[in-house]
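Below, each chain spelled out in residue letters.
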Amino acid sequence: MLGMGSAAQAQGKLTGVVLDSVTHEPLAFSSVFLANTTLGVTTTEQGKFEFPKVPAGTYDVVGSYVGYRLAKQSVTMTAAAQQITLQLAPTGNQLGEVVVKPEPNKPEEYQKFAQLFLGGSSFSAQCHISNPDDVRVFFDDSTKTLTAQAKEFVQIDNEALGYRLKYYGLYFAANDEDGSISYYGQPVFEELKPRDERQRKLWTANRLTAYTGSFMHFLRSVYNNRVQAEGFLTQQIIVGPNPRFERADEKRRALLASRPDNKFTATEQDSLDKWEDMAPVIATLNQTPLPIDSIRRVGPNGKRTFLRFTGELQVAHFGEAPDPLYKRPMSPLGYPKIPYPAKRQVSRLKLQGREAAIQANGSLLNPLDVYNGEYWGFEKIGEFLPFDYMPPTASTAAPRQ
């Protein structure tokens, strides 16, 4: 099973102190964690903290304390020791300040947020938000956008993977019109204590199932030049204008203008429905597998690795069937002389810019650089693993339970 490469084997020591930004006094027993990992500590009475072994990479170091705003600092770890200072700004109410209690969430809006955020997979069904009253959900009817935020963090217990996830600084947005969903923040993972050995083994197997074929797995494969060896197939999707769309749109607008009373014959209504369903762009698949140099660029001296491709990328992973709750048909891969395995998960990637920097641990330096669609778009919090997760060296995934 794939490791994180030699670049991630280097580990450095990270130390620091957490201070009140106003008084510059140390904040004893505050929480400090590396976002998206299981690495978290509590400061001493002198406000000091230490992470003795941090794998190489870039992390957001986050400080949290009741009555203070989060403090965040990005740090790039190597084998060399580093020291930082986190300054937290107090948020306490001023004397005489009127505290306005927010309106309770509308149940249907909160349920929609929870469903979209947690996801619709079998593992997502075993996740629950344990502090729903701390989440504020709002729907903007003018933009058709549902947003959600939390004052401190959203706590999710994932009984499928055995993690308690505290998602600090969450901002969530889902748009009804284009179907887009985005969220970001600084999450930290805590290991749940298994009831018995059977549950421990189940969590180990489920984590491997969540990892295998995931976006994290793919990025690690790209970083280590093991895309094919890890069971991935990458193909280019070419997106271009639909030559039939402009003419169909002209006919649609002309017919609508000729019937201001909106009274159409059955034949005319069928034509309108057909024209309105026509997409302005069409996508065609280049069936030839892309070589590693067509999806990856390695910077000078190998110090930085980038995901880079033209158009859009279709990524298939073979050997594992999709979640039984995934109801969409898998996109076709073409018709090779040797048929592809029937068990596969097919996803789609789109770069927001020319390229996206990736790290050895299978994370993006900027998570918003890449848009995930199809199967990876389906997988959400239910399959969310910490970046310091390492799969067992010899194990197989158990069925989802």
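Only a predicted model underlies this, so the values are computations on that prediction, with no experimental measurement involved. (Residues numbered from 1 in each chain as written. Predicted model: local features only at pLDDT ≥ 70, side-chain atom pairs only at ≥ 80, totals over all residues. Heavy atoms only, no water.)

1. Section: the sheet that holds strand β7 (residues 82–88)
Spatially, 3 strands are ordered β4-β1-β7 in an open sheet, and the strand pairing comes out mixed. Strands with a single pairing partner mark the edges of an open sheet, and in this sheet they are β4 (48–55) and β7. Each adjacent strand pair in this sheet contributes to an overall mean axis angle of 25°, direction not counted. When strand β1 (residues 11–20) meets β7, the two strands line up parallel, connected through 7 bridges. Each bridged residue has a counterpart across the sheet, and for Thr15 the counterpart in β7 is Gln83. (Pairing = 2+ DSSP bridges. Helix = DSSP H or I, 4+ residues; strand = E, 2+ residues; numbered from the N terminus. Axes fitted to C-alpha atoms, helices over the stretch in contact; angles between N-to-C directions.)

2. Overview of the environment of Ser142
Checked against the element boundaries, Ser142 lands in the loop between β9 (135–140) and β10 (145–150). Separated by 83 residues in sequence, Ser142 and Asn225 place their C-alpha atoms 46 Å apart. A distance of 2.5 Å separates the side chain of Ser142 from the side chain of Asp140, its partner in a polar contact. (Polar contact = N/O pair within 3.5 Å; in protein donor to acceptor, adjacent residues only side chain to side chain.)

3. Focus on the environment of Asn158
Relative to the elements of secondary structure, Asn158 occurs in strand β11 (residues 153–158). Sequence-wise, Asn158 and His128 are 30 residues apart; in three dimensions their C-alpha atoms are separated by 6.9 Å. If we ignore the near neighbours within four places in the chain, the residues touching Asn158 are Phe123, Gln126, Cys127, Tyr163, Leu192, Ile381 and Gly382. Engagement of the side chain of Asn158 in a polar contact is seen with the backbone nitrogen of Ala160, the distance being 2.9 Å. A distance of 3.2 Å separates a polar side-chain atom of Asn158 from the backbone oxygen of Gly382. (Contact = heavy atoms within 4.5 Å.)

Note that every value here comes from positions in space, so none of it alone points to a role or purpose.
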